[in-house]
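Architecture at a glance
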Amino acid sequence: MMIAPPPLSPGHRIAVTGDDLREMVTEMSFATTIAFDFETSGLRYWAGQKPIGFAVGAWSGGAPRCWYVPVCHMSPQRQADPTHAREAFRDVLAAADELVGHNLKFDINMARADNWEVPAWTPLHDTMIQAYLIDEVRALQLEKVVMQTGCSPYGDALDMKDAVEDWIKRRIKERRQSRSAYLSELGHAEVPIPLEGEYACRDAGHTLALDRVQRAQAMGLGTEYEQARRSLYANEMLLVRALADMEYVGQAVDTDYLERVSLELDQQMGELGQQLSRVFGDNLKWGNDNVVRKLLFNEMKLPIMSRTKRGAPAVDKAALTQLAKQHEGIEPLMEWRARYKVRNTYTDSLIDKCDRHGRIHASFVQTGTATGRLSSRNPNLQNIPSRHPELSKLVRRAFVVDPDKARIYCDYSQIELRLLAWATENPVLTASYESAAYMELLAGRIDYEQYRIRRQSEDAADVHGMVAQRVFGADPSDPDFKRKRSASKIINFGVPYGGGPNLLASNPELMLSEKVAKQYFHQYHQQNPEIEKTKTRLLRKMRNNPETAFVNWAGRVRHGKRLDWADADIVAEEERSMFASLIQG
């Protein structure tokens, strides 16, 4: 496939000879800030996919100066010697005072997997995270951020990306492959070197331009929040390397055990399926929500316990639990669906995601939630089942500890409630966390060792019991105290995340109707007015802000872009999310 490559932009070079590499190292050695970016044969560094070349760049004379070094293209064209290229890459990055990139975590791990040396202590500035810290709900793809900021040194920020995409479209048509299958197999390895070279150089140039525009704003320089924003920025950039290490090392999984579990689940699902066929008189696709809805509500006329956001009758665990007493088939249906989810989501899926050493390399995403909370994907290790009395243990047992290692479980003690107490000055929550020893330590009357000893002797307050007594007038001797304490606990932990009455109605352990759930939730806020007042003040402040935004205790910006929408449900959801962001950081 012959397509004329575009000419290189001014200031862009492709290095293939030893002299080229030495000239690149010399030119880059005068820069304090270096951008780097790998082009690769795929995204799975843990599966043997690796760099096909790299770009480095620096700002010089009011414009970016960038080099591309091809090393492993599937091309007959001359490329740089890989050993010499690695040495040049090492020398360029080692001389820099700071390194810039877009989604640096990926580049760091791609480098590590193929023996490219990225300095361990040189400060990092990730322009993707900068963009996220400025606007948490924006698109974070490099070219889109450049277009939003209008900082491209090349005019159209998308034209070179479009050129590469056009080449790939023609190629996959020739190969009769889907785009995802082609990129998963080859990445950009077949893209002609001149085309990929200009594309990679522009990535480096765009990253440099973005850093110059975004860094001060991401740090909040010159604003009243500068101290908090600087601290947040520093922590987020330090986190890049920590998360890269976590992803690269991965988690050991007992694949043999998972295969046995998968077979066991298949057998159990077969037995439960036969039982369901006898009870319901048909062999249906029990994992299909629409099929189950039609059976339960259209044909059997069972009562609808709750609805999805789109208004359809809910058939999730909470809804089915409430239906369990209505029909003998609901319990085995729930057990079948629980096994179906575990098999598809965890056993078979985890096996497919393991590398040849039996380890999974999940992505831990700093930019995956609007609130700043860390998320996980491919697979989601934050969503391993924990409530099912049998299946939870089955899945968790697959995550094994390496020989001669120990797994340490750490968790903040009710951190969200402590922040809620601080933000709202709610007297019950505040009293629950007050410590005479801590106040003595703050006043300088005791040292830390004395504080630690005295703190251990202080009685721990039952915050959920105290709230249950205040909200419901429940006495610990009452027969339903445990239930009301559980309701208080669910609301307590749900409020910092913007939860509503559905938190109670959907809880399979409480078995509350929607009416009772709303009543409990109303009583909670009626007896804890400080929470609603704090929320009202926050939303008023946001609506009076031209950007409809606020900065929370951690220095994180939140934009309420849907607060003025016409849809009342969307506005209510946005209001809950904004309040959650006041607590989360």
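Figured I'd write up the structure that's included with this text. Residue numbers restart at each chain and count upward from 1, following the sequence in its written direction. Under the rules for a predicted model, residues below a pLDDT of 70 receive no local features and side-chain atom pairs below 80 are neither given nor counted, while totals for whole chains, interfaces and linings still include all residues. Side-chain metrics rest on all non-hydrogen atoms present in the structure, leaving aside hydrogens and water.

Between Lys or Arg on one side and Asp or Glu on the other, a salt bridge is scored when a side-chain nitrogen of the former is within 4 Å of a carboxyl oxygen of the latter. Using the criterion set out here, one finds 34 salt bridges in the structure. For glutamate 190, the salt bridge is made with arginine 171, and the minimal N-O distance between the two is 2.8 Å. Taken as a pair, glutamate 190 in the loop between helix 7 (179-186) and helix 8 (193-219) and arginine 171 in helix 6 (residues 159-175) lie far apart in primary sequence, 19 residues in all. Salt bridges here are not isolated pairs; linked through shared partners, they connect Arg171, Glu174, Arg175, Glu185 and Glu190. Each helix is a run of H or I in the DSSP string that is no shorter than four residues. Each strand is a run of E no shorter than two, and both are numbered from the N terminus.

Going residue by residue along strand 5 (residues 98-101), you find Glu98 and Val100 tucked away on one face and Leu99 and Gly101 tucked away on the opposite face as well. Judged from the three bridges that link them, strand 5 and strand 6 (residues 124-126) form a sheet pairing that is parallel. Bridge assignment links leucine 99 to a residue of strand 6, and that residue is leucine 124. Classification remark: right-handed applies to a crossover when, strands pointing away from the viewer, the course from the first strand over the helix to the second runs clockwise. A crossover connection joins strand 5 to the parallel strand 6 through helix 3 (residues 104-113); in handedness this β-α-β unit is right-handed. The cut-offs for exposure are 20% and 50% of the maximum accessible area for each residue type, with area from a 1.4 Å probe on protein chains only; residues under the lower value are buried, those over the upper are exposed, and the others partly exposed. Strand pairing requires that DSSP identify at least two bridges connecting the strands.

An order of 1-4-3-2-5-6 is seen for the six strands of this open sheet, with the pairing classed as mixed. The open sheet is flanked by strand 1 (12-14) and strand 6, the only strands paired with a single partner. Looking at each pair of strands side by side, their axes are set apart by 25° on average, direction ignored. Running at roughly 150° to strand 2 (residues 33-40), helix 2 (residues 82-94) makes contact with strand 2, strand 3 (51-60), strand 4 (63-70) and strand 5 of the sheet. Against the sheet, helix 8 touches strand 1, strand 2, strand 3, strand 4, strand 5 and strand 6, its axis set at about 140° to strand 4. Each axis is a line fitted through C-alpha atoms, taken for helices only over the stretch in contact, and angles between the N-to-C directions span 0 to 180 degrees. Residues are treated as being in contact if the distance between any of their heavy atoms lies within 4.5 Å.

Taken residue by residue, helix 7 has Tyr182, Leu183 and Leu186 as its buried positions. The buried residues of helix 7 occupy one face: seen down the axis, they fall within an arc of 90°. As used here, the arc is the angular range of directions from the helix axis to the C-beta atoms.

Within 6.5 Å between ring centres, the rings of Phe, Tyr and Trp (the latter by its six-membered ring) count as paired, and their orientation is classed by plane angle as stacked under 30 degrees, edge-to-face over 60, tilted in between. For the coordinates displayed, the defined rule picks out 14 aromatic pairs. Aromatic side chains phenylalanine 38 and phenylalanine 89 sit 5.2 Å apart centroid to centroid with 40° between the ring planes, which places their arrangement in the tilted category. With phenylalanine 38 in strand 2 and phenylalanine 89 in helix 2, this pair connects stretches of sequence that are 51 residues apart. Neither phenylalanine 38 nor phenylalanine 89 differs from the other in exposure class; each is buried. Taken together, the ring pairs connect Phe36, Phe38, Phe54, Phe89 and Trp116 into an aromatic cluster.

Within the secondary structure, glutamine 214 is located in helix 8. Within the structure, glutamine 214 has its side chain in polar contact with the backbone oxygen of threonine 127 (distance 3.1 Å). Beyond its immediate sequence surroundings of up to four residues, glutamine 214 is in contact with Thr127, Gln130, Ala131, Ile134, Arg138, Val145 and Thr149. We call two N or O atoms a polar contact when they sit within 3.5 Å, provided that within protein one can donate a hydrogen and the other can accept it, with sequence-adjacent residues counted only if both atoms are side-chain atoms.

Our next topic: the pairing of strand 2. Where burial is concerned, most of strand 2 is hidden: eight out of the eight residues are buried. Residues Thr33, Ala35, Asp37 and Glu39 point to one face of strand 2 and Ile34, Phe36, Phe38 and Thr40 to the other, with burial holding for every one of them. Note: strand 2 against strand 5, three bridges, orientation parallel. Bridging across to strand 5, threonine 33 finds its partner in glutamate 98. As paired elements, strand 2 and strand 3 share six bridges and run antiparallel to each other. Bridge assignment links threonine 40 to a residue of strand 3, and that residue is proline 51.

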